[in-house]
Amino acid sequence: MWLLGGGTYDTPTTPTREYRNEVWSSPNGVEWELHMGSAPWAPRQYHDVAVFDGKMWVLEGFREPEGNLRDVWYSADGVDWRELPDTLWNERHAASVFVYGDALWMGAGSNARPMFPDVWKLTRR
């Protein structure tokens, strides 16, 4: 299993938000290996992750002071990350991301006021 980014906020011991871009993996949920303390994608919360086309994907998210993000990154090994350039959708966080029909889908999320119910499809190149 893999843990990609995230952070903390509004806890009794951490009253300010902390954003992370660490990459961890575990074979059993008990023993963890840190692969990267700082991946090339910006630290973020409320992002989405998926496995598609033999790669891990990190999509969109939120971080202060920028707000919502719209970038997309992928890696086959958790260390060598590449950005998918020129995404067409609006910035967002907490979208619905899933794999269906040999494609990676992303829809809605917290993307604007009012929220737009858009759906995007990424296919293999």
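Throughout what follows, the structure given in this document is the object of discussion. On a predicted model such as this, the values are computed, not experimentally measured, just so you know.

1. Examining the environment of W24
Step number 1: Position of W24 relative to the elements: it lies in strand β2 (residues 18-25).
Step number 2: Linking W24 and M36, residues 12 residues apart in sequence, is a C-alpha distance of 7.2 Å.
Step number 3: Contact partners of W24, with chain neighbours within four places excluded, come to M1, W2, L3, W32, E33, L34 and H35.
Step number 4: At 3.0 Å, the side chain of W24 and the side chain of E22 are in polar contact.

2. Comments concerning the pattern of salt bridges
Step number 1: The full count for this structure, using the stated rule, is 8 salt bridges.
Step number 2: Linking D80 and R82 is a salt bridge whose minimum nitrogen-to-oxygen distance equals 3.4 Å.
Step number 3: With relative accessibility at 39%, the residue D80 sits in the partly exposed group.
Step number 4: Among the ionic pairs, R124 bridges to D102, the shortest N-O distance being 2.6 Å. With R124 in the segment after β10 (119-123) and D102 in the loop between β8 (96-100) and β9 (103-107), this residue pair connects regions lying 22 residues apart in the sequence.

3. Digging into the environment of W2
Step number 1: Summarising the element assignment, W2 is placed in strand β1 (residues 2-8).
Step number 2: Separated by 27 residues in the primary sequence, W2 and G29 place their C-alpha atoms 9.4 Å from one another.

Thresholds applied
- Residues numbered from 1 in each chain as written.
- Predicted model: local features only at pLDDT ≥ 70, side-chain atom pairs only at ≥ 80, totals over all residues.
- Heavy atoms only, no water.
- Helix = DSSP H or I, 4+ residues; strand = E, 2+ residues; numbered from the N terminus.
- Contact = heavy atoms within 4.5 Å.
- Polar contact = N/O pair within 3.5 Å; in protein donor to acceptor, adjacent residues only side chain to side chain.
- Salt bridge = Lys/Arg side-chain N within 4 Å of Asp/Glu carboxyl O.
- Buried < 20%, exposed > 50% of the residue type's maximum accessible area, 1.4 Å probe, protein only.

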